[in-house]
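These are the residues of each chain, in order.
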Amino acid sequence: MNKIFIICITSFLLIGCDQKISSANEKLAKNLVEESISNMVFVQGGEFLMGDFGPLVGEKLPFSINQDDKKLHKVVLSDFSISKFKVTNANYLIYLNATGKKKPPVNIFVKDYPSLGNSNYSIGVTWQQAKDYCQWLGHMSGKNIDLPTEAQWEYAARSRGQYLPFATNNGKFEKGKNIPSDDELDKFTDGFGFPFYPIGKFPPNPLGLYDMGLSGSEWTNDWYSSDYYNQSPEKDPRGPVSGSKKVVRGYIGGDQQYALTMFRQSKLPVPLIDKDDDYQKYGVGPQYVFRCVMNK
């Protein structure tokens, strides 16, 4: 009888503990959703020329070395709102705890360089994981939330389509002023100088968006096609109906070309370093980051 009593008491305490944990997770999730909505920056829709606008300004030379962005084409976008910041490790952990989703495998970089896993650094995830997070925000808030389309991303990075080569406060790429210096990157990444740093450390672009196209490549909703600009619809384009890779936008180190607001990149939805890599073993690198949009 005593054993049964002890088992019953233990079970009761465990259930009570689980309920408290669940209640705490629900509160954190609610706060996260409210904070995420409040941190959305409204973007008035409008018309802009999407693509490499270099021939129209300055020295009238192309900015990008790519060929897939050379078709300047008119795009007309509806109003939307976009996250002021990229989604962080802290945000994503709350989401995992609230949904009961399995934690993704820890990337070798995050494991070896602890700073990259700190709470205010952007989370590195697959395309589907990024999309699921945004749609969860939408489900929890009753809003239409998703990953940005490629056109929405560029329009916002260029502060409603202005001719800004970089999504910084002044459209320039100035180390130590509006992006980290080499010494600062060493500090942010345990001495290894990786081009990743905590959110909100440097001035936003004129629209009020932080680290847009910097500190990692951001997932968009669109499938990638090198000739999509030749056939893109004018009104609210959403990319090809299918493909093998997704469009990503943003700086991952090396040449500053990657930080250009019109510079197109593409990656497999589950990005691998090479074909022999194992996602379950190595995870996703810290360079695959994201932010969400709220559509009407």
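See the structure printed just above.
Computed from a predicted structure; not experimentally measured.

What follows deals with the side chain of T220. In this fold, T220 is placed in strand β6 (residues 217-223). Polar contacts involving the side chain of T220 include one to the main-chain carbonyl oxygen of V247, which spans 3.0 Å. Apart from residues lying up to four places away in sequence, T220 is in contact with W127, L147, P148, T149, E150, W153, V247 and R249.

Backbone geometry places D190, a non-glycine residue, at a positive phi of 55°. Here D190 lies in the loop between α6 (182-188) and β6. Of note in this structure, S215 is not a glycine but carries a positive phi near 60°. Examined against the element boundaries, S215 turns out to sit in the loop between α6 and β6.

Turning our eyes to something else, we now look at empty space enclosed by the protein. Considering all chains together, one arrives at two cavities of 30 Å³ or more under this definition. Each pocket or cavity is described by its volume, and for the largest cavity that value is around 50 Å³. Taken together, L116, Y121, S122, F196, Y197, S215, P286 and V289 form the lining of the largest cavity. Residue composition of the lining of the largest cavity, by class: six nonpolar, two polar and no charged. What the second largest cavity holds in volume is close to 30 Å³. Class assignment of the residues belonging to the lining of the second largest cavity gives a composition of four nonpolar, two polar and two charged.

The rules behind the values
- Throughout, a residue's number is its position along its own chain's written sequence, starting from 1.
- At least 70 in pLDDT is required for a residue's local features to be given in this predicted model, at least 80 for side-chain atom pairs to be given and counted, and no such filter applies to totals for whole chains, interfaces and linings, which use all residues.
- Note: side-chain values were computed over all heavy atoms of the structure, leaving out hydrogens and water.
- Strands here mean DSSP runs of E at least two residues long; helices mean DSSP runs of H or I at least four residues long; both are numbered from the N terminus.
- Here a polar contact means two N or O atoms within 3.5 Å. Within protein one must be a hydrogen donor candidate and the other an acceptor candidate, and residues neighboring in sequence count only if both atoms are side-chain atoms.
- Contacts: residue pairs with any heavy atoms within 4.5 Å of one another.
- For cavity detection a 1 Å grid was placed over the protein atoms alone, and a set of points counts as a cavity when a 1.4 Å probe fits there but cannot get out; an open set counts as a pocket when protein lies on both sides within 12 Å along at least five of seven lines, with lining residues being those that have an atom within 4 Å of a point.
- Grid points are joined across faces, edges and corners, and a volume is the space filled by probe spheres set on the points.
- Side-chain classes follow a simple rule in which Ala, Val, Leu, Ile, Met, Phe, Trp, Tyr, Cys and Pro form the nonpolar group, Asp, Glu, Lys and Arg form the charged group, and the remainder, Gly included, forms the polar group.

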